[in-house]
Amino acid sequence: MNPNDETLLKVEGMSCRSCVSHINTALRKVEGVQDVNVRFEHRQVLVKHDAATANVNILIEALRDAGYESAPTA
């Protein structure tokens, strides 16, 4: 697997700028995550990660644990 995979997730429940910080913190705690770019205006987050250790399900679970629902963008 590519250690520089990127996943774009749609995030539900992101309602204010402090949510950006919460999402950033939650995803950066996940092993294998290298970079997080929260796009508040689009309610999305782009995560650069090693898919072998931080697959999409793990990213979604980290966001759910932080209080946000998410899914990969189409």
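We now turn to the structure provided with this report.

Scoring rules and cut-offs
- Residues numbered from 1 in each chain as written.
- Predicted model: local features only at pLDDT ≥ 70, side-chain atom pairs only at ≥ 80, totals over all residues.
- Heavy atoms only, no water.
- Disulfide = S-S within 2.5 Å.
- Buried < 20%, exposed > 50% of the residue type's maximum accessible area, 1.4 Å probe, protein only.
- Phe/Tyr/Trp six-rings, centres within 6.5 Å; stacked < 30°, edge-to-face > 60°.
- Lys NZ or Arg CZ within 6 Å of the ring centre and 35° of its normal.
- Helix = DSSP H or I, 4+ residues; strand = E, 2+ residues; numbered from the N terminus.
- Contact = heavy atoms within 4.5 Å.
- Core = buried A, V, L, I, M, F, W, Y, C linked by side-chain atoms within 4.5 Å.
- Salt bridge = Lys/Arg side-chain N within 4 Å of Asp/Glu carboxyl O.

### Here's the deal with the state of the cysteines
Link 1 in the chain: Scanning all chains against the criterion turns up zero disulfides.
Link 2 in the chain: With no disulfide of its own, Cys-16 lies 3.7 Å from the sulfur of Cys-19, the closest cysteine sulfur.
Link 3 in the chain: Since its relative accessible area comes to 5%, Cys-19 is described here as buried.

### Focus: the packing of aromatic side chains
Link 1 in the chain: Enumeration according to the criterion identifies zero aromatic pairs in this entry.
Link 2 in the chain: One residue, Arg-43, lies across the ring of Phe-40, its end atom 4.3 Å from the ring centre.

### Side note on the environment of Val-33
Link 1 in the chain: Its location among the elements puts Val-33 in strand β2 (residues 33-39).
Link 2 in the chain: Sequence separation between Val-33 and Lys-48 is 15 residues; the distance between their C-alpha atoms is 6.1 Å.
Link 3 in the chain: Excluding residues within four positions of it along the chain, Val-33 makes contact with Leu-27, Arg-28, Val-47, Lys-48, His-49, Ala-54 and Leu-59.

### A short note on the nonpolar core
Link 1 in the chain: Counting 20 residues, the largest nonpolar core has Met-14, Ile-23, Leu-27, Val-45, Leu-59 and Leu-63 as the members making the most contacts within it.
Link 2 in the chain: When residues of this core are traced back to their parent elements, those giving at least two are β1 (5-12), α1 (17-28), β2, β3 (44-49) and α2 (56-65).
Link 3 in the chain: Not counting residues up to four positions away in its chain, the partners in contact with Ile-23 are Val-11, Met-14, Val-38, Val-45, Leu-63 and Tyr-68.

### Overview of the pattern of salt bridges
Link 1 in the chain: As enumerated under the stated definition, the model contains four salt bridges in all.
Link 2 in the chain: Between Arg-17 and Glu-41 there is a salt bridge whose closest N-O contact spans 3.5 Å. Residue Arg-17 is found in helix α1, and its partner Glu-41 is found in the loop between β2 and β3; the two are separated by 24 residues along the sequence.
Link 3 in the chain: The partner of Asp-35 in a salt bridge is Arg-28, with the nearest N and O atoms 3.5 Å apart.
Link 4 in the chain: Asp-35 gets classed as partly exposed once you look at its relative accessible area, which sits at 37%.

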